[in-house]
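Spelled out, the chains give:
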Amino acid sequence: MIAVQPFEYVRAGALTEAIGEAGTDGSAAYLAGGTTQLDLMKDGVLRPSRLIDITRLPLRGIEHHEDTLIVGSLTTMEELAADPVVGRRLPFVREALLRSASVQLRNMATIGGNLLQRTRCRYFRDRTVATCNKRAPGSGCGAITGAHRTSAVLGTSTSCIATHASDLAVTLVALDATVHVTGAEGPRTIPLTGFYRVPGEDPSVENDLRPGELITAIEVPLLPQEARSHYLKVRDRASYEFALASAAVAVTMRDTRVESARVALGGVATVPWRAVEAEAVLTGAEASVALFRTAAHAAVAGADPRPQNAFKVELAQRTLVRSLQSVTGVNS
Ligand code: SF4
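Description of the structure in this document. (Residues numbered from 1 in each chain as written. Predicted model: local features only at pLDDT ≥ 70, side-chain atom pairs only at ≥ 80, totals over all residues. Heavy atoms only, no water.)

What follows concerns the side chain of Thr328. On the secondary structure map, Thr328 appears in helix 13 (residues 311-328). Those residues within four positions of Thr328 in sequence are excluded, and the remaining contacts are Arg228, Val251, Met253 and Phe292. (Helix = DSSP H or I, 4+ residues; strand = E, 2+ residues; numbered from the N terminus. Contact = heavy atoms within 4.5 Å.)

Written out as structure tokens, the structure is:
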């Protein structure tokens with residue numbers, strides 16, 4: 001049995017107080033919905049010296065603007081899924097949220113926490129396994145030499161092949177959402193497409209947040225009124241399961257041509273994967289299943305599969321083709 005490391009609990013009443021309590025040495029952690037974080041602390045994977053409860057901060061709610069939503073980081077997944085503008089203008093965001101978790105979890109989990117959720121790689125979550133570069137830098141990668149059926153095929157390195165687990169982030173990357181953060185050096189914004197880091201040599205660094213920085217909001221551009229979007233998630237069982245492959249697609253059409261396309265993949269990459277190569281193939285072209293297959297092929301051109309997860313290269317392509325068929329209504 002693993003003993004939980006003692007930690008100090010602080011409930012912050014104001015944003016400046018939370019940031020001050022967090023400091024900049026990286027030893028503190030923020031607590032919001034806690035749906036992943038508390039599990040990881042109980043398992044001894046996360047061991048903050050100080051836990052700063054931010055649930056009382058005024059970071060919950062959705063601001064509606066003409067072309068964007070500003071989603072407070074403490075907004076719950078269920079609140080965002082139930083927002084009528086999301087239902088009308090960002091239906092694939094709603095689909096991704098509803099396919100992410102049960103309603104009980106969606107009522108607890110926050111949008112900020114969802115974007116920062118940790119990988120489900122079994123070696124990362126099991127402290128009795130010695131080899132995990134993400135948890136213990138320099139220790140090796142248990143998945144590469146062990147079980148890696150669910151691991152990533154895109155954005156991998158020889159240090160880590162863990163998939164990013166968020167469904168929501170896949171749609172938000174496709175939308176060019178922006179993350180608003182604040183910390184000891186003040187507020188700043190980071191495009192979500194540049195927020196996540198592929199593992200490289202040090203997979204313990206997963207994003208561009210500086211020690212002590214806090215996500216305050218996510219700015220989400222709305223799709224054009226005429227756009228159609230879809231989030232297709234393929235998994236081993238129909239609910240309560242992470243994606244083996246997923247595709248977030250949003251298109252506008254001019255007659256039978258694809259006027260614009262936004263494409264991202266989930267479940268197959270170390271970060272939510274924007275498929276710009278697929279978008280380039282689709283944009284301006286006559287819609288057909290053959291075109292969708294060419295786009296899907298382009299989306300996985302850089303894949304680096306391993307023996308147990310080679311099937312994901314084909315699965316990702318089929319998932320994307322099906323998603324494109326669904327949004328365009330083109331089936332031949
Ligand atoms: Fe750790 Fe990444 Fe290897 Fe999983 S894939 S064991 S998270 S280093």
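Further notes follow.
Take the site of the ligand next. Every one of the 13 residues lining the ligand counts as a neighbour, but Cys121, Cys132, Cys141, Cys160 and Ile161 are closest to it. Classifying every residue of the shell around the ligand by side-chain character gives nine nonpolar, three polar and one charged. (Near = heavy atom within 4 Å. Nonpolar A, V, L, I, M, F, W, Y, C, P; charged D, E, K, R; others polar.)

Turning to the pattern of salt bridges, a few remarks are in order. Note that side chains of opposite charge can pair when their charged atoms are close. By the definition in use, this model includes 20 salt bridges. One salt bridge connects Arg106 with Glu78, and the closest N-O pair in it is separated by 2.7 Å. Pair noted here: Arg106 is in helix 6 (residues 103-108) and Glu78 is in helix 3 (residues 77-82), with a separation of 28 residues, a long-range link. Residue classification places Glu78 among the partly exposed positions, given a relative accessible area of 22%. A salt bridge links Glu279 to Arg274, with the nearest nitrogen and oxygen atoms 2.6 Å apart. Residues participating in the shared-partner salt-bridge network are Asp176, Arg262, Arg274 and Glu279. (Salt bridge = Lys/Arg side-chain N within 4 Å of Asp/Glu carboxyl O. Buried < 20%, exposed > 50% of the residue type's maximum accessible area, 1.4 Å probe, protein only.)

A separate point is the side chain of Asn309. Along the chain, the position of Asn309 falls in the loop between helix 12 (289-299) and helix 13. Its relative accessible area of 0% is what places Asn309 among the buried residues. With sequence-adjacent residues up to four places away left out, Asn309 is seen in contact with His148, Arg149, Ser151, Ala152 and Val153.

Attention now goes to the sheet that holds strand 6 (residues 178-183). Read from one edge of the open sheet, five strands run 4-5-8-6-7, paired in antiparallel fashion. Among the strands making up the open sheet, the edge pair consists of strand 4 (62-64) and strand 7 (186-191). Along the sheet, successive strands turn relative to each other by an average axial angle of 20°, direction set aside. The pairing of strand 5 (residues 68-72) with strand 8 (residues 214-221) spans five bridges and is antiparallel. When the sheet's bridge partners are listed, Val71 is paired in strand 8 with Ile218. (Pairing = 2+ DSSP bridges. Axes fitted to C-alpha atoms, helices over the stretch in contact; angles between N-to-C directions.)

The next thing to look at is the nonpolar core. Looking at soluble globular proteins, one finds that nonpolar side chains tend to be buried together. Leu90, Phe92, Val93, Leu172 and Leu192 are the most contacted members of the largest nonpolar core, which has 42 residues in total. Looking at this core, the element that brings in the most residues is helix 9 (residues 168-174), giving six residues. When sequence neighbours within four positions are dropped, the list of residues in contact with Leu172 reads Val93, Leu115, Ala177, Leu192, Ile218 and Val220. Grouped together as the second largest cluster of nonpolar side chains are 32 residues, Val251, Ala278, Ala295 and Val313 included. (Core = buried A, V, L, I, M, F, W, Y, C linked by side-chain atoms within 4.5 Å.)

Bringing helix 13 into the picture now. In this model, helix 13 (18 residues) spans 26 Å end to end at C-alpha, consistent with the 26 Å of a helix rising 1.5 Å per residue. Those residues of helix 13 not exposed but buried are Lys312, Val313, Ala316, Gln317, Thr319, Leu320, Val321, Ser323, Leu324, Gln325, Val327 and Thr328. The first or second residue beyond helix 13 is Gly329, which carries a positive phi of 75°. (Expected span 1.5 Å × (residues − 1).)

A few words now on unusual backbone geometry. Positive phi values are uncommon outside glycine, yet Asp176 reaches one of about 60°. With respect to the helices and strands, Asp176 occurs in the loop between helix 9 and strand 6. On the accessibility criterion, Asp176 (34% relative accessible area) is partly exposed. Phi at Tyr240 takes a positive value of approximately 55°, unusual for a residue other than glycine. As for its placement among the helices and strands, Tyr240 is situated in the loop between strand 9 (228-234) and strand 10 (245-254). For Tyr240, a relative accessible area of 55% corresponds to the exposed category.

Nothing here speaks to function; it is geometry throughout.
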